[in-house]
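What follows is the residue order along each chain.
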Amino acid sequence: MAGKPVLHYFDGRGRMEPVRWLLAAAGVEFEEKFLKTRDDLARLRNDGSLMFQQVPMVEIDGMKLVQTRAILNYIASKYNLYGKDMKERALIDMYSEGIADLDEIVLHQPYIPQEEKEANLAKIKDKARNRYFPAYEKVLKGHGQDYLVGNRLSRADVYLVELLYHVEELDPSVLANFPLLKALRTRVSNLPTVKKFLQPGSQRKPYEDEKCVESAMKIFS
Amino acid sequence: MSGKPVLHHFNGRGRVECIRWLLAAAGVEFEEKFIECPEDLEKLRKDGKLMFEQVPMVEIDGMTLVQTRAILNYIATKYDLDGKDVKERALIDMYAEGIADLSEMMGQLVVTPPDQKEAKIALIKDRTKNRYLPAFEKVLKSHGQDYLVGNRLTRVDIHLLELLLYVEEIDSSLLAPFPLLKALKSRLSNLPNVKKFLQPGSQRKPPIDEKVLEKAKKIFKLS
């Protein structure tokens, strides 16, 4: 038994990408078992490995965890990226949940039918520029510290930085009016573990292309 | 200042009912400030109280918290209804998120167009009896204990009780094949704080009716 966490998902970002980012930022090596066909998913279901018949699933410390938030909460706690007390955790949760709401719209973009893509993209741009990014810029401005909570790196910074990259892929000028977010992204990106993850050849996944979308649809339809 | 948590939301279940349940189960008295019209929501936004311009929002211990999960996590930790260690918390989170997924499907019914409602209800019933209830029955069967995690009451038992009551509202026969869930439901319903909350006159909210729905649509500018 390797002792490394094993991620079960298809070979794409989807709902697993924040888990990859968090493990990478924490400097934790992990393995991936990619679902390639419907049979792969069926096998996991029949094994009783998936509590609600769904992936993501992560084997970690003797558990088979499903549900992205359960997985992220466990990793964040274990690797000390979840605040030092209850009140810090409340802020981290509040910030992370906001990012998750925006991410929910973003992660669907590759999978949305062609004729609806433009409308979804407009929604992403509007929410990012007018609701979410201003909120986080305001947090950083408010305390002037290097990280969102408690003056040290937490899961909220990692998730936000991931999303800054992903939204920028869809809306290249989105960060123009958010200097503190840009600075946070640079700072986090220069941390040794994150820098490594950002390099080609890491387990970070690219934006889902048509082939990837087709393959995912086949597995999950 | 009373020191009691103050819940800001419209006068209905919405995304805040699970918070009412958890506070009630923990025996914590709380106040509610209902959003009755679009201007009420505008005022909260202008006052800078809503980080993402949304409710639920709960004033608690000097914080203005938004995002249901952030609020629930804080309450659970504060009142000792979370796991005792990181592994118990992982199970609690996993179970609670499954419950949240099914609750979300049910919550969407009120805004589902009439021509799609029947299909949605059929899907909810299917998922309830073939995916979610079996999963929780299996958990209880596997350890034979009185509660889902750690042999004591935690937040996820309360979340599940709330869900089981909603399942019953949709179709009371759905619970029939699940004896351990039925037993859990009885056991939890008899805990003093829960029993009190289940009685008429408590802060528990009924299913949404047309009048409340129309009001909510106006406030939140839903179609």
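Residues numbered from 1 in each chain as written. Chains lettered and ligands numbered in written order. Predicted model: local features only at pLDDT ≥ 70, side-chain atom pairs only at ≥ 80, totals over all residues. Heavy atoms only, no water.

Visitor: Is there a simple way to think about the overall build of chain A in this case?
Guide: When helices and strands are tallied, chain A shows 9 helices and 4 strands. Taken over C-alpha atoms, the radius of gyration comes to 17 Å for chain A, in line with the 17 Å a tight globule of 221 residues would show. Projected onto its principal axes, the C-alpha positions of chain A cover 50 × 45 × 30 Å. Split into buried and exposed, the 221 residues of chain A put 54% on the buried side. Once local pairs closer than 6 in sequence are excluded, the contacts in chain A between residues at least 24 apart make up 67%. Averaging the positions of the 34 positive and the 32 negative side-chain charges in chain A gives two centres separated by 3 Å. (Helix = DSSP H or I, 4+ residues; strand = E, 2+ residues; numbered from the N terminus. Rg over C-alpha atoms; globule rule 2.2 N^0.38 Å. Buried < 20%, exposed > 50% of the residue type's maximum accessible area, 1.4 Å probe, protein only. Contact = heavy atoms within 4.5 Å. Lys, Arg positive; Asp, Glu negative; His and termini not counted. Charge placed at Lys NZ, Arg CZ, Asp CG, Glu CD.)

Visitor: Got a minute to help me understand the pattern of salt bridges in this structure?
Guide: Close approach of charged atoms allows side chains of opposite charge to pair. Residues and elements named next belong to chain B. The full count for this structure, using the stated rule, is 34 salt bridges over all chains. Notably, a salt bridge pairs Glu97 with Arg69, separated by 2.8 Å at the nearest N-O pair. Placement of Glu97 in helix H4 (residues 86-108) and of Arg69 in helix H3 (residues 68-78) is noted, with a sequence separation of 28 residues between them. On the basis of relative accessible area, Arg69 is assigned to the partly exposed category, the value being 25%. Lys125 is the partner of Asp171 in a salt bridge, and the nearest nitrogen-oxygen pair spans 3.5 Å. Placement of Asp171 in the loop between helix H6 (155-170) and helix H7 (179-189) and of Lys125 in helix H5 (residues 114-143) is noted, with a sequence separation of 46 residues between them. Overall, Lys125 belongs to the partly exposed group, its relative accessible area being 27%. Several salt bridges converge on common partners, so that one network encompasses Asp80, Lys84, Asp85, Glu88 and Arg152. (Salt bridge = Lys/Arg side-chain N within 4 Å of Asp/Glu carboxyl O.)

Visitor: Explanation requested: the packing of helix H4 (residues 86-108) of chain A against H3(B) in the structure shown.
Guide: Any two packed helices are characterised by how steeply their axes cross, that is the angle between the axes, and by the distance between the axes. Axis separation between H4(A) and H3(B) bottoms out at 8 Å; the angle between their running directions is 160°. Here H4(A) is positioned roughly antiparallel relative to H3(B), judged by the angle of their axes. Between H4(A) and H3(B) lies a crossing whose hand is right-handed. Here H4(A) contributes A:Met86, A:Lys87, A:Arg89, A:Ala90, A:Asp93, A:Met94 and A:Glu97 to the contact with H3(B), which in turn contributes B:Arg69, B:Ala70, B:Asn73, B:Tyr74, B:Thr77 and B:Lys78. (Axes fitted to C-alpha atoms, helices over the stretch in contact; angles between N-to-C directions. Parallel < 35°, antiparallel > 145°, perpendicular 65-115°, else oblique. Left-handed = near helix turned anticlockwise from the far one by under 90°.)

Visitor: Can you help me understand the environment of B:Leu164 in this one?
Guide: Take B:Leu164: it is sitting in helix H6. Along the primary structure B:Leu164 and B:Leu181 are separated by 17 residues, whereas in three dimensions their C-alpha atoms are 8.3 Å apart.

Visitor: Would you take a moment to explain the nonpolar core for this structure?
Guide: Nonpolar side chains in soluble globular proteins generally cluster together in the buried interior. Counting residues in hydrophobic clusters, the biggest one holds 149 residues, and the most contacted among them are A:Phe133, A:Tyr136 and B:Ile19. With near-sequence residues (within four places) excluded, A:Phe133 lies in contact with A:Leu102, A:Ala128, A:Leu164, A:Val167, A:Val174, A:Leu175, A:Phe178 and A:Leu181. (Core = buried A, V, L, I, M, F, W, Y, C linked by side-chain atoms within 4.5 Å.)

Visitor: Hey, could you run me through the UniProt feature "domain: GST N-terminal" (unreviewed entry) in chain B in this one?
Guide: The residues that UniProt annotates with the feature "domain: GST N-terminal" (unreviewed entry) are residues 3-83 of chain B. The annotated region residues 3-83 of chain B carries 36% helix and 20% strand content, and the separation between its end C-alpha atoms amounts to 26 Å. (UniProt positions renumbered as here; feature names shortened; annotations may be inferred.)

Visitor: Explain the interface of chain B and chain A here, please?
Guide: Many structure descriptions define interface size as the accessible area lost when the parts assemble. Listed per partner, the contact involves 32 residues of chain B and 32 residues of chain A. Of all residues in chain B, the largest losses of buried area upon contact with chain A belong to B:Met51, B:Phe52 and B:Met94, amounting jointly to 22% of the total for that side. At the boundary of chain B with chain A, the tally comes to 2 salt bridges. With its nearest N and O atoms 3.5 Å apart, the salt bridge here joins A:Glu97 to B:Arg69. Across the chain B-chain A interface, the total number found is 10 residue pairs in polar contact (both at pLDDT 80 or more). The set of elements that each furnish at least two residues to the side of chain B that touches chain A consists of strand E4 (63-66), H3, H4 and H5 of chain B. For the side of chain B that touches chain A, the element with the highest residue contribution is H4(B), accounting for 10 residues. A breakdown of the residues in the side of chain B that touches chain A according to their chemical character gives 15 nonpolar, 6 polar and 11 charged. (Buried area = accessible area lost by both parts, 1.4 Å probe. Polar contact = N/O pair within 3.5 Å; in protein donor to acceptor, adjacent residues only side chain to side chain. Nonpolar A, V, L, I, M, F, W, Y, C, P; charged D, E, K, R; others polar.)

Visitor: Where do I start with the UniProt feature "domain: GST N-terminal" (unreviewed entry) in chain A in this structure?
Guide: What UniProt calls "domain: GST N-terminal" (unreviewed entry) maps, in this numbering, to residues 3-83 of chain A. For residues 3-83 of chain A, helix accounts for 36% and strand for 22%, while the C-alpha atoms at its two ends are 25 Å apart.

Visitor: Any chance you could explain the sheet that holds strand E2 (residues 31-34) of chain B here in plain terms?
Guide: Remark on secondary structure: sheet strands pair via backbone hydrogen bonds, oriented parallel or antiparallel. Residue and element names in this part refer to chain B. Strand order in the open sheet made by the 4 strands is E2-E1-E3-E4, with mixed pairing throughout. The sheet is open, and its two edges are formed by E2 and E4, each paired on a single side. Taken over all neighbouring pairs, the strand axes of this sheet differ in orientation by 20° on average, direction set aside. Strand direction decides the pairing type here: strand E3 (residues 57-60) and E4, joined by 4 bridges, are antiparallel. Residue pairing in the sheet places Val58 in a bridge with Leu65 of E4. (Pairing = 2+ DSSP bridges.)

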